[in-house]
Amino acid sequence: MNRPRRPSLALVGTGGTIAGAGTAPEGGMSAAYQSAVVGADALVAGVPALARLAELRAEQLLQIDSADFTDALLLRLARRVAELCARDDVDGVVITHGTDTMEESAYFLHLTVRSSKPIVLTGAMRPATALAADGPANLLHAVAVAAHPSSAGRGVLVVMNEEIHSARDVAKVHAARLDAFASPHGPLGLVAEGAPRWYRALTRPHTTASDFDIAALDALPLVGVVTSHGNMRAEIHDAWVAQGARAIVHAGFGGGTVPDYLKARLAALRARGVLLVRASRTGAGALVRNANADDDAHGWVVTDDQNPPRARLLAALALTRTQDAQAIQRLFNSY
Ligand code: ASP
């Protein structure tokens, strides 16, 4: 009897703790390890059960700690994933990635790769040499999700700790725990008995329905994030302007509140051609225009519920399409 064809998946290695190895002799008891040292082929070879789920072709695009991702590397990753997705002999893509900036890479791919094929990112909170390493199971689950036909058309997914999150919502919310990833509206689904089980679907545009096209871009417009705390200085915003920032995401308190003592200086940014995007340093919750600041008067934009790192990417992509603050506000409202 012919066995059904296994899906053919590309596995793109970029580094991170999933490709990390312990450096201390006590191994599993120590938090000391070096990330990004184990090759993508070795990650696949370390989980023999993967072969039952899919035919995997591994490539090493990068071998870095995800803290070292820059916009240039994001563009390179998105171009490579788009190329892979365009191939008839690729049914989906799994990306192994450091967890620290996984949410940013996932969201960037979600907005820029024009494909409905499954694109799944995964990583690990513990290196492969730890006593209870989470990387092998995360990789197995990511491949199970990418190989499953029901995963197509859902946008870019992050699979960690048996949960399937949308790239639109997910964030790393803990520095150490295995359940470090969470979405404010909950995960889209779970991995159960080796297959995805879906509980909700995303309503916002992504991938094939996205407005953003990076094909002709050499670089992203520079956007900086300034996080609020007591006793701030407007010179930090000014420093971003001096660097050539076209927009600044102001990660304000609570509902995106800007302290009174900064308002005049930040209001002057618009006259200098710099867009201010109000976000919340809490990382979740819908912001309301003109509620905590006079956005109409200042020409400011507010995020919907995007956390500051994602608001930075959305602002950069929005600026590739328009400079108009109202049009950018509409993009923030819809994505
Ligand atoms: N520093 C690592 C990285 O993001 C952390 C991890 O992968 O969990 O590359």
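What counts and what doesn't
Counting restarts for each chain: residues are numbered from 1 in the order of the written sequence. With the structure being a predicted model, the display of local features is reserved for residues of pLDDT at least 70 and the display and counting of side-chain atom pairs for 80 or more, all residues being used for whole-chain, interface and lining totals. Side-chain numbers here rest on the full set of heavy atoms in the structure, without hydrogens or water. In this scheme, strands are said to pair when DSSP sees at least two bridges between them. Counting from the N terminus, the helices are DSSP H or I runs at least four residues long and the strands are E runs at least two residues long. By convention a crossover is right-handed if, when the strands point away from the viewer, the path from the first strand over the helix to the second runs clockwise. Throughout, nonpolar core names a set of buried Ala, Val, Leu, Ile, Met, Phe, Trp, Tyr and Cys residues whose side chains join them through atoms within 4.5 Å. Accessible area is worked out with a 1.4 Å probe on protein chains only. A residue is then buried under 20% of its type maximum, exposed over 50%, and partly exposed in between. Any pair of residues with heavy atoms lying within 4.5 Å of one another is described as a contacting pair. The criterion for an aromatic pair is that two Phe, Tyr or Trp rings (for Trp, the six-membered ring) have centres within 6.5 Å, with stacked assigned to planes under 30 degrees apart, edge-to-face to planes over 60 apart and tilted to the rest. Either the NZ atom of lysine or the CZ atom of arginine qualifies as a charge over a ring when it sits within 6 Å of the ring centre and within 35 degrees of the ring normal.

Trainee: Please explain the pairing of strand S13 (residues 223–227) as it appears in this structure.
Mentor: A regular strand carries its side chains on alternate faces of the sheet. Bridge count for S13 against strand S14 (residues 247–252) is 5 bridges, and the pairing is parallel. Paired with Val 223 across the strands is Ala 247, a residue of S14. As for the winding sense of the linkage, the β-α-β connection from S13 through helix H6 (residues 235–242) to S14 is right-handed.

Trainee: Where do I start with the nonpolar core in this structure?
Mentor: Inside soluble globular proteins, nonpolar side chains tend to come together where they are buried. Counting residues in each nonpolar core, the largest one holds 58 residues, and the members touching the most others are Val 81, Val 93, Ile 95, Phe 108 and Leu 109. Contact partners of Leu 109, with chain neighbours within four places excluded, come to Leu 77, Ala 78, Val 81, Ile 95, Ile 119, Leu 121, Val 156 and Thr 207. Counting residues in hydrophobic clusters, the runner-up holds 25 residues, among them Val 47, Val 94, Val 120 and Leu 157.

Trainee: Help me understand the packing of aromatic side chains in this model?
Mentor: Given two aromatic rings, their pairing is described by the distance between the two centres and the angle made by the two planes. Per the counting criterion, the structure on display carries 1 aromatic pair. Plain terms: the ring middles of Phe 212 and Tyr 335 are 5.1 Å apart, the flat faces sit at 45° to each other, and that makes the pair tilted. Taken as a pair, Phe 212 in the loop between strand S12 (195–198) and S13 and Tyr 335 in the segment after helix H10 (325–334) lie far apart in primary sequence, 123 residues in all. When the ring centre of Tyr 107 is taken as origin, the NZ or CZ atom of Arg 310, which lies over that ring, is 5.7 Å away.

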